[in-house]
Amino acid sequence: MPHMLILAVANHLHHDSAAVVAQDYQILSAVQTERLTRMKGDGQCAHQPTITEALRIAGASIRDVDALLVSPYSIPVQYFDPWSLKRSLSNHFARRVRGRIRYAFALPNGARYREVEYKVKFIPERFLKDLGLREDCEFFFYEHHFSHALSALFFTDYENALIYTADGGGDFRYYSAHYLSGATLRNAIPPPPPRGRWRWLPKEGAACVGLAYRFMTEALGYTPNRHEGKLTGLAAYGEPEIYDEIRAPFRVLDDGQITSELRSGEELKSLIFSAARRTTPQNAAASVQKLLEDLILSSIGAHLRRSNARQVALAGGVFANVTLNRRIAELPGVQQVFIFPGMGDEGLAVGGLYQYLLERDGLQHWLAQRRPLADVYWGGAYDAELPRVFADSEIERLPGTVAETTAQLLQEGEIVALFNGRMEFGPRALGARSILASPAQQSVNNTLNARLERTEFMPFAPCVLEEDADEVFEVTDANRYAMRFMTITCQVRKAWRARIPAVVHVDGTARPQIVREEWNPLYAQILRCFKQRSGLPVLVNTSFNAHEEPIIHTPAECLRALRGGRVDYVAAESGVYRLRQTKPRASRRSAR
């Protein structure tokens, strides 16, 4: 089979647009729209800017693309036959969006969604032409939850696994479960049988715990689809006072399906808002966190019993919750858990790629192509450009090697941004666009929060070399792989908690990133030099961004952060930079 250049796009009405370029199974680039538009979680941007950047990084042009893969929600209304669109929008879907029709739910022809009576007629030729693609470019719609599932499964070598997804909804579904046994992949939650026009649809989110978490985020005054992580941090400070009230409508069946006595998502929202008003924010967060853990753990536990699986692959926005992921890894019999690092809807472009390849090549060939994930450095690299941008009379480059100089500054209590190589894909900073600090003083949290304008209860994460991880953290076979990508918490060993207080949560856990030199040489060298100087094998690693901003993308954005006082220094392959000092600068504190 000839090699194909494949472009996959995730672009939704609400959030997390992305584009991925691949040569068959090998990802060449992956770009999130928010990094370009500087609007956190942006999903409203047109396809073209994100596609253009992804192709630039991959060294390709739009005319090189052999196949375009999109989400059914990605297509503007003008690319549908108006008569079929009118017929479709006259029923249930039109009422769902309350007349605010901007995009249509394009149901693909073929095996998927056969149970739906009415299909919207899509006109791909016009869409391909407007994007600049060739007329013979293949077109493919991927399915939301199946794509989430495949993004997690592909980067494992599992033979006996449960692949489970959960989020706030996609393609009118909220969960999926697939069982992998040898060379067989089975859907464990098939859609309900058709009962007439659109009546097969679920109760619009009434049983969706992802929506419950989103509604609680909104009820506490935060932004839904963005600030759910704040609730995870806040929950550690509260008690689940209203848990029984918000748990009452839910049931987990013996087959693992989550159901609800409520009739709609609006009723669920009303329940959450009403309960939240009768308690403190900390207790409300603790209650919905317990609800999430209870329902998802019960559901996954039932599927594990039915499938006899020992390995678990996870994706979907619910699994951005690192505390939940730890509880899953601790379930009896679970040998390993892997969470795809782009677990939100940005990851659909990756999953869509692997869904297309699965249908093209068949399951047996697809399974043979799987590979462990070493890193997600799939974005653009600007190492060569940074010295030119920083060639300014206000900026000076420090003498010495980058790793040694950075380690010395960190030991002295300085805040150093690492701008290094290709950008990470997904929500976590993993040593390409990170802010580093010494973990020796709890007060560094207040310093970072003030300078980055972040919430004071949000915990910071540690990074650690692979050879030191077991000494400091309770690393197991079940959680080790997930720790490469900062997607799971674990206990900090008691002997270390007082020595690295800046990265220890109130419950004694942390969310570490395990680092290996072959994955990120400069990052690993800084960790090693810092350990030699301070005796501490751990550094604080937090995203290089201010509150409500996407992670820093370009050298120009990096320079603005340095000038704005977000960080004291910037470390890059070309050197360590700071604002030029008119007089000697005293160090803040020692990490010893």
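Here the structure is shown first, and the text comes after it.
Keep in mind that what you see is a predicted model, and the values were worked out from it rather than measured. Each chain has its residues counted from 1, running along the sequence as written. Only residues with pLDDT of at least 70 are given local features in this predicted model, and only at 80 or more are side-chain atom pairs given and counted; all residues enter the totals for whole chains, interfaces and linings. Side-chain metrics rest on all non-hydrogen atoms present in the structure, leaving aside hydrogens and water.

Enquirer: Could you clarify how one ought to interpret the overall build of the protein in this entry?
Expert: Looking only at helices and strands, the protein has 21 helices and 24 strands in total. Relative to its full complement of 592 residues, the protein shows a buried share of 61%. Values of accessible area rely on a 1.4 Å probe in the Shrake-Rupley scheme; residue burial ignores everything except the protein chains shown. On the protein, roughly 23200 Å² of surface is accessible, and the fraction owed to carbon and sulfur atoms is 48%. For helices the rule is a DSSP run of H or I covering at least 4 residues; for strands it is a run of E covering at least 2, with both sets numbered from the N terminus onward. Exposure categories follow from relative accessible area, calculated using a 1.4 Å probe and restricted to protein chains: below 20% of the type maximum is buried, above 50% is exposed, and the middle band is partly exposed.

Enquirer: I keep staring at the nonpolar core and nothing clicks. Help me out?
Expert: Side chains of nonpolar character tend, in soluble globular proteins, to be buried together. To define a nonpolar core, start from buried Ala, Val, Leu, Ile, Met, Phe, Trp, Tyr and Cys residues and group those joined through side-chain atoms within 4.5 Å. With 125 residues, the main nonpolar core has Tyr 164, Ile 296, Phe 319, Ile 328, Phe 390, Phe 473 and Ile 500 as its most contacted residues. When residues of this core are assigned to their parent elements, the largest contribution, eleven residues, is made by helix α11 (residues 281-307). Note on definitions: a residue-residue contact is assigned when non-hydrogen atoms from the two residues lie within 4.5 Å. With near-sequence residues (within four places) excluded, Phe 319 lies in contact with Tyr 164, Thr 165, Ala 166, Ile 296, Leu 314, Leu 324, Asn 325, Ile 328, Ile 339 and Met 343.

Enquirer: Can you walk me through the side chain of Arg 451 in this structure?
Expert: Counting through the fold element by element, Arg 451 comes out in helix α17 (residues 443-452). Residue classification places Arg 451 among the buried residues on the basis of a relative accessible area of 17%. In this structure the side chain of Arg 451 is engaged in a polar contact, spanning 2.8 Å, whose partner is the side chain of Asp 568. In protein, a polar contact requires one atom able to donate a hydrogen and another able to accept it; more generally it is a pair of N or O atoms within 3.5 Å, and residues adjacent in sequence count only if both atoms are side-chain atoms.

Enquirer: Before we go on, may I ask you to explain the packing of aromatic side chains in this structure?
Expert: One pair of aromatic rings is described through two measures. These are the centre distance and the angle between the planes. The criterion for an aromatic pair is that two Phe, Tyr or Trp rings (for Trp, the six-membered ring) have centres within 6.5 Å, with stacked assigned to planes under 30 degrees apart, edge-to-face to planes over 60 apart and tilted to the rest. Considering all chains together, one arrives at 17 aromatic pairs under this definition. A centroid spacing of 4.5 Å and a plane angle of 15° characterise the contact between Phe 338 and Tyr 481, whose relative ring orientation is stacked. Of this pair, Phe 338 sits in strand β12 (residues 336-339) while Tyr 481 sits in the loop between α18 (466-472) and β19 (490-491), placing them 143 residues apart in sequence. Across the pair, exposure class does not vary: Phe 338 and Tyr 481 are buried alike. Put simply, the rings of Tyr 25, Phe 154, Phe 155, Phe 340, Tyr 354, Trp 366, Trp 378 and Phe 425 touch in pairs and so form one group of aromatic residues. Its end group placed over the ring of Tyr 243, Lys 290 keeps NZ or CZ at 4.8 Å from the ring centre. Charges are assigned to positions over rings by a cutoff of 6 Å between ring centre and Lys NZ or Arg CZ, combined with an angular limit of 35 degrees from the ring normal. One cation-aromatic arrangement involves Arg 433 over Phe 419; the distance from NZ or CZ to the ring centre is 4.0 Å.

Enquirer: What am I meant to see in the pattern of salt bridges here?
Expert: For side chains of opposite charge, pairing can occur when their charged atoms come near one another. A carboxyl oxygen of Asp or Glu within 4 Å of a side-chain nitrogen of Lys or Arg is what we treat as a salt bridge. Under the counting rule described, the total for this entry stands at 29 salt bridges. Among the salt bridges present, the one from Glu 143 reaches Arg 173, with a minimum N-O distance of 3.7 Å. Of this pair, Glu 143 sits in the loop between β5 (138-141) and α6 (144-153) while Arg 173 sits in strand β7 (residues 173-181), and the two are 30 residues apart along the sequence. Both residues of the pair, Glu 143 and Arg 173, belong to the buried class. Three or more residues are tied together by salt bridges with common partners; here these are Asp 24, Arg 360 and Asp 361.

Enquirer: Mind showing me how you'd approach the sheet that holds β12 here?
Expert: Taking strand neighbours across the sheet as the criterion, the five strands line up as β8-β7-β6-β11-β12 in an open arrangement whose pairing is mixed. With partners counted over all chains shown, the strands left at the sheet margins are β8 (184-187) and β12, one partner each. Neighbour-to-neighbour, the strand axes of this sheet turn through a mean angle of 20°, independent of strand direction. To obtain an axis, a line is fitted to C-alpha atoms, over the contacting stretch when the element is a helix, and the angle between two such axes runs from 0 to 180 degrees between their N-to-C directions. The sheet contacts of helix α7 (residues 209-219) involve β6 (160-170) and β7, and relative to β6 the element is tilted by about 45°. Strands in contact with α11 are β6, β7 and β11 (311-315); relative to β6, the strand with the most contacts, it is inclined by about 145°. When DSSP finds two or more bridges between two strands, those strands count as paired.

Enquirer: Please clarify how the packing of α7 against α11 should be interpreted in this entry.
Expert: Packed helix pairs are characterised by how far apart their axes lie and by the angle those axes make with each other. Direction vectors running N to C along α7 and α11 enclose 175°, while the axes themselves pass 10 Å from each other. On the basis of their axis angle, the class for α7 and α11 is roughly antiparallel. For the pair formed by α7 and α11, the contact residues are Val 209, Ala 212, Tyr 213 and Met 216 on the first element and Ala 284, Val 288, Gln 289, Leu 291, Leu 292, Leu 295 and Ile 296 on the second. In terms of residue class, the contact of α7 with α11 is made up of ten nonpolar, one polar and no charged. Our angle categories are set so that under 35 degrees counts as roughly parallel, over 145 as roughly antiparallel, 65 to 115 as roughly perpendicular, and the remainder as oblique. In this classification, the charged set is Asp, Glu, Lys and Arg, the nonpolar set is Ala, Val, Leu, Ile, Met, Phe, Trp, Tyr, Cys and Pro, and all remaining amino acids, among them Gly, are polar.

Enquirer: Looking at this structure, how should I read α17?
Expert: Count 3.6 residues to each turn of an α-helix, and residues three or four apart come out pointing the same way. Within the span of α17, buried status applies to Val 444, Asn 445, Leu 448, Asn 449, Arg 451 and Leu 452. Buried positions along α17 lie against β17 (433-437) and β22 (538-543). Once α17 ends, the next one or two residues include Glu 453, with phi positive near 60°.

Enquirer: I would appreciate a short explanation of the pairing of strand β23 (residues 569-572) in the present structure.
Expert: Neither face of β23 is open: one carries Tyr 569 and Ala 571, the other Val 570 and Ala 572, and all of them are buried. Where strand β15 (residues 416-419) lies against β23, three bridges are found, and the strand directions are parallel. Each bridged residue has a counterpart across the sheet, and for Leu 418 the counterpart in β23 is Ala 571. When β23 meets strand β24 (residues 575-579), the two strands line up antiparallel, connected through three bridges. Following the sheet pairing, Ala 572 is matched in β24 by Gly 575. Once β23 ends, the chain turns through two residues before running back antiparallel as β24.

Enquirer: Which parts of the structure should I look at to understand empty space enclosed by the protein?
Expert: A water-sized probe rolled over the atoms picks out the places where empty space is left. As defined here, a cavity is a set of points on a 1 Å grid over the protein atoms alone where a 1.4 Å probe fits but cannot get out. A pocket is an open set with protein on both sides within 12 Å along at least five of seven lines, and residues line them when an atom is within 4 Å of a point. Grid points are joined across faces, edges and corners, and a volume is the space filled by probe spheres set on the points. In this structure the tally under the stated criterion is three cavities of 30 Å³ or more. In this structure, the largest cavity occupies an estimated 80 Å³ of space. Along the walls of the largest cavity sit 13 residues, with Ala 374, Asp 375, Tyr 377, Arg 484 and Gln 513 positioned nearest its centre. For the lining of the largest cavity, the leading source of residues is strand β21 (residues 513-515), giving three residues. For the lining of the largest cavity, the per-class residue count stands at eight nonpolar, two polar and three charged.

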